[in-house]
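# Architecture at a glance
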Amino acid sequence: MIRRVAARLRAAIGLRRRGARASGVVGVAFAQIRRAPRRTVLAVFAVALVVLSVTLLASLGVGVVAIGEDGLENANRDIWLSSDPIDPAASGTENPIGGAHEVTADLEAREDVSSASPIAMYEVYLGTDPEALERTSAVGVPQTHSGFDFQAGGGFEIEEEAAEEAMTEGEPTTEEVVLDPATADRLDASPGDTVYIATSRQSAPEYEFTVVGTSGYYSQYLGSEASAVPLPDLLAVAGTSGTDRSTFVTADAAPGEDPQAVAADIDDAYPEYDVRASDEQIGAMAEKRPLVLASGLTLVGLAVVGGVVLTVNLFALVASQQREELAALRAIGLSRWVLAGTIGAQGLVIGLLGGIVGLLATPALATGLNRVVIEVIGFERLLRTPLEVYVVGFVLAALVGTIVALVAGWRAGRYARIEHLGA
Amino acid sequence: MRIPNRSLRRSSSADTEATVDDETGPAVRLENVRHEYGSTTGRFRSRSEQAVTALRDVSVDVKRGEVLGLEGPSGSGKSTILHAIAGLLVPTDGTVSVLGTDLTELSDRGRTRTRRRHVGIVFQRFHLLQSLSARANVALPLVQVGLPKSARRERATTLLSEVGLEDRVTHLPSELSGGERQRVAIARALSTDPDILVADEPTGELDTDTGADVLELLTDVGRDRAVIVASHDAATLAVADRVVTLRDGAVIEGER
């Protein structure tokens, strides 16, 4: 009993001593920080830059991966019917669903489906002069919607009856087109202008379309410039009105229905097609973009590794600058742990301040960079900063900063020798 | 003017620090100490680097209450002896005993502990932390001991009063004169109530009058300690009970 009490007493005293030692270490660390305000400000600025490099590069990585997924998410459709292989980057070469309007009508007839519509993709020739055409992607859809976020003009909408009639006759309907903004700039085309769209150079003069607006909606989805035209018009241009081919047929589950269950039911009904709920479709599309995924992950990895390397260099420098003070502390009997603690505590403070500055600056810089990106390549929100990216940036600054500073202080304790005191 | 503070003493393991407080033997004993700088087998040492012999078979004892002077020109090995006594370097050969414990047998951690508890150091250039007040500088060694802040402040204030700086407690080193800085350094060296005090050219940065004051203080505080003062200044060495003269790392007069 007495031994146990004595042991507890010793433990309590030991804890008190450690606490007192820690408070002393923190006091010295703060004094050192205050002593050299310019060095402190520069170190905080450096950590903020590290955090910014991590958050912005990681945001770019996340954006690169997410930008393709956005097309599907923005389409806001519950169910996607397709047939492998689907490669949006090779739009036009894969339109495996024949009789798309029939499939669409069948789906709409189901009680558990509220609406359905086909989407087709083709590689086309496009230009304001039928003698000077460029190759680009065209997406055929029944109508545009508010998600297009038009930069100029507006969209189009085709009446169902008009669409059916056009499909039967193999003729276009309104012959309207929403151009990608970069394409529009290059062609110097704006709403009201005429462009030619065809699947061959020879047939281009036959198909005149009126530009009704500009939007990067499908460009973001495909990862390359793409313009949107009414589906019957695209099929007419491609000469596939008869076979009525499309890349996807999308559908919305009826209110109260579980999209996953409806997708499973439809999958049973159409064994020749792949039917996926929206989330599954996003995953399937992402899997088919290993390059994009690899690029995104590489950027995130580079950001973290680069940030750690920069932080290591920074705190090695901070410790080295205090070599003489550390040597003096060592000479008067302070342990290497206490020396490491004084540098580590400085690392924590500098890391926290730099982390906060870096995180506060991230949204503003990401917004600015996104504006530049829109101007240059037309992609919206290329940099995306989810909460996880902020957390990684802050953890890197505070935790890695502290650990690295502790290690730097510990190492400094070794090289902070009496020789560094001069006399 | 010893200000004992028993709370600073703690039990310790025999293998990590000096534990034998032999009242009868010398406080410090150097036996056949030889030291070469650059004699370590560092991986990246230049081939052209030549080992420099700093000490050659030095044997010296220092008793409690004795003030030993180390005299000699620059490069004669005075500072190397002080650093060996403080455990700041391990000589290439020979033994350095502090209170009966051979420092050369201890780990770096053990030597640091021994230095912290038994050896106070005073440097020529003071080496105070410029970011800390006089009181905080004096209290620094007590941080490692784990004394609460209030106790650290109290002891540091008392020590500063003892060295005549009661009105300079909160001043930064940059706000103090050279003599005052050295007094703060002496107070810092005394903060853990050491048995041994080593001073390397303690008056080297001071004018004659200030130097005399500092020497008086050193001899006063060293009354019941072993004090080793290295200097090439005759006035400084005049306060010593015994002077050992060094030339090229060897004792030429005053050994043992």
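Everything numeric here is computed off the predicted structure, so don't read it as measured data.

Helix and strand counts for chain B stand at seven helices and 10 strands. Burial analysis of chain B (256 residues in total) assigns 51% to the buried set. Considering only contacts within chain B whose residues lie at least 6 apart along the sequence, 74% involve residues at least 24 apart.

All names here are of chain B. The four strands lie next to each other as E2-E1-E4-E5, forming an open sheet whose pairing is antiparallel. Two strands lie at the open edges of the sheet, namely strand E2 (52–62) and strand E5 (101–102), each paired on one side alone. The sheet strands contacting helix H1 (residues 78–85) are strand E1 (28–37), E2 and strand E4 (93–98), and the helix crosses E1 at an angle near 120°.

Turning to the interface of chain B and chain A, a few remarks are in order. Each partner contributes to the interface: chain B provides 26 residues, whereas chain A provides 24 residues. The leading source of residues in the side of chain B that touches chain A is helix H3 (residues 134–145) of chain B, at four residues. Its residues assigned to classes, the side of chain B that touches chain A comprises 11 nonpolar, eight polar and seven charged.

What links the strands of a sheet is backbone hydrogen bonding, and the strands pair in either a parallel or an antiparallel sense. Residues and elements named next belong to chain B. Taken in spatial order, the six strands line up as E6-E7-E8-E3-E9-E10 in an open sheet, and their pairing is mixed. Strands with a single pairing partner mark the edges of an open sheet, and in this sheet they are strand E6 (119–122) and strand E10 (250–253). For this sheet the average axis-to-axis angle between neighbouring strands, irrespective of direction, equals 25°. Pairing geometry for strand E7 (residues 196–200) and strand E8 (residues 226–231), over five bridges, is parallel. Each residue of the ladder has a partner; that of alanine 199, found in E8, is valine 229.

Residues and elements named next belong to chain A. With eight bridges joining them, strand E2 (residues 113–129) and strand E3 (residues 132–141) adopt antiparallel strand pairing. The partner of alanine 120 across the bridge, within E3, is glycine 140. Connecting the antiparallel pair E2 and E3 is a turn made up of two residues.

Regular strands show a simple pattern: their side chains alternate between the two faces of the sheet. Residue and element names in this part refer to chain B. By the criterion of burial, E8 is predominantly enclosed, with six of the six residues buried. Of the two faces of E8, the one carrying Ala226, Ile228 and Ala230 and the one carrying Val227, Val229 and Ser231 are both buried. Alignment of strand E3 (residues 67–71) against E8, held across five bridges, turns out to be parallel. Within E8, the residue paired with leucine 70 across the bridge is alanine 230.

Right, let's get into the packing of helix H5 (residues 178–190) of chain B against helix H6 (residues 208–221) of chain B. Residue and element names in this part refer to chain B. In the contact formed by H5 and H6, the axes pass within 9 Å of each other and the chain directions differ by 15°. Taken together, the axis directions place H5 and H6 in an arrangement best described as roughly parallel. Remark: the crossing between H5 and H6 carries right-handed chirality. Between H5 and H6, the residues in contact are Gly178, Gly179, Gln182, Arg183, Ile186 and Leu190 and Thr210, Asp213, Val214, Leu217, Leu218 and Val221, respectively.

Position of alanine 236 of chain A among the secondary structure elements: in helix H7 (residues 231–238). C-alpha separation for the pair alanine 236 of chain A and methionine 167 of chain A, spaced 69 residues apart in sequence, amounts to 7.6 Å.

Another point: the nonpolar core. Generally speaking, soluble globular proteins have nonpolar side chains that are buried together. Counting 131 residues, the largest nonpolar core has Ile85, Ile186, Val198 and Ile228 of chain B as its most contacted members. Per-element accounting of this core gives the leading share, 15 residues, to helix H2 (residues 37–75) of chain A. Apart from the residues lying within four places of it in its own chain, the contact partners of isoleucine 85 of chain B are Val28, Val96, Val98, Val119, Ile196, Val198 and Ile228 of chain B. Counting 55 residues, the second largest nonpolar core, distinct from the first, contains Ala100, Val249, Ile266 and Val275 of chain A.

What follows covers unusual backbone geometry. Backbone geometry places glutamate 175 of chain A, a non-glycine residue, at a positive phi of 50°. For glutamate 175 of chain A, a count of 20 C-beta atoms within 10 Å gives the class buried. In the Ramachandran plot, aspartate 57 of chain B falls in the positive-phi region, its phi being about 45° despite a non-glycine side chain. Here aspartate 57 of chain B lies in strand E2. Taking the C-beta count within 10 Å as the criterion, aspartate 57 of chain B has 15 such neighbours and is therefore assigned partly exposed.

The rules behind each value
Residues numbered from 1 in each chain as written. Chains lettered and ligands numbered in written order. Predicted model: local features only at pLDDT ≥ 70, side-chain atom pairs only at ≥ 80, totals over all residues. Helix = DSSP H or I, 4+ residues; strand = E, 2+ residues; numbered from the N terminus. Buried ≥ 20, exposed ≤ 12 C-beta atoms within 10 Å, placed from the backbone. Contact = placed C-beta atoms within 7 Å. Pairing = 2+ DSSP bridges. Axes fitted to C-alpha atoms, helices over the stretch in contact; angles between N-to-C directions. Nonpolar A, V, L, I, M, F, W, Y, C, P; charged D, E, K, R; others polar. Parallel < 35°, antiparallel > 145°, perpendicular 65-115°, else oblique. Left-handed = near helix turned anticlockwise from the far one by under 90°. Core = buried A, V, L, I, M, F, W, Y, C linked by C-beta atoms within 7 Å.

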